[in-house]
Amino acid sequence: MKFVDIGKEIKFTVKIDFLVFSMAMLWICPISTSQLYAQNNFQSAYYKSLRSSDVKVISDELAEISKHSQKDTLAYSGALKMKLAGLLSSPAEKVKTFKEGRKQLEEAIASDPENVEYRFLRLIIQEHAPGIMKYKSKLEEDKSMIINNFRTANLVLLSEIRRYSASSSVLLSTDLKE
């Protein structure tokens, strides 16, 4: 009579199954660690620029965004343009730049209304937009969407939402349940 240690056989089979599954996922979803790292760096640099009050920093980031072909380009560019508008000296340029940015950000949101990051960008801009621009009507809607869905965001966005909520009068850190 021969006894077989089934435990080792099961462990071996599970390891092989996991290996096959992992390889299949890499083939199906070919995003590499370096691509993910590059995306996180791009996103981090973007938010640093968005927090800036330096026209050159924002303009440089707008130029950098235009080199990328990712789906978030429209939303990123739109929000930065609206931020830049507040730093320009000519009232006509302020209004023109703000409207360009608003059109881009709203277009991005219309194409992906469940995107937490786009809603976060709009909330940031709405909270700080001058009343004359009449761009505050979606504050509560965006706040609610962010609160209900922020846990689905990537680590960079989670960090930015937490950072922003520490000083926001609309999106409070106590609103964010983890």
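Reading the values: rules and limits
- Residues numbered from 1 in each chain as written.
- Predicted model: local features only at pLDDT ≥ 70, side-chain atom pairs only at ≥ 80, totals over all residues.
- Heavy atoms only, no water.
- pLDDT = per-residue confidence, 0-100.
- Contact = heavy atoms within 4.5 Å.
- Helix = DSSP H or I, 4+ residues; strand = E, 2+ residues; numbered from the N terminus.
- Polar contact = N/O pair within 3.5 Å; in protein donor to acceptor, adjacent residues only side chain to side chain.
- Buried < 20%, exposed > 50% of the residue type's maximum accessible area, 1.4 Å probe, protein only.

This brings us to the confidence of the model for the protein chain. With 76% of its residues at a pLDDT of 70 or more, the protein chain has an overall mean of 82. Long-range and interchain partners of residues 18–32, a stretch whose pLDDT sits below 50, account for two contacts in this model, where long-range means more than four residues apart.

By secondary structure assignment, the location of Lys-136 is in the loop between helix H6 (116–128) and helix H7 (139–149). A distance of 2.8 Å separates the side chain of Lys-136 from the backbone oxygen of Gln-126, its partner in a polar contact.

As a further point, take the environment of Leu-171. Within the secondary structure, Leu-171 is located in the segment after helix H8 (155–165). Among the residues examined, Leu-171 registers a relative accessible area of 0% and is labelled buried. Separated by 44 residues in sequence, Leu-171 and Glu-127 place their C-alpha atoms 9.4 Å apart. With residues up to four places along the chain from it excluded, the contact list for Leu-171 reads Phe-120, Leu-123, Lys-143, Ile-146, Ile-147, Ile-161, Ser-165 and Leu-176.

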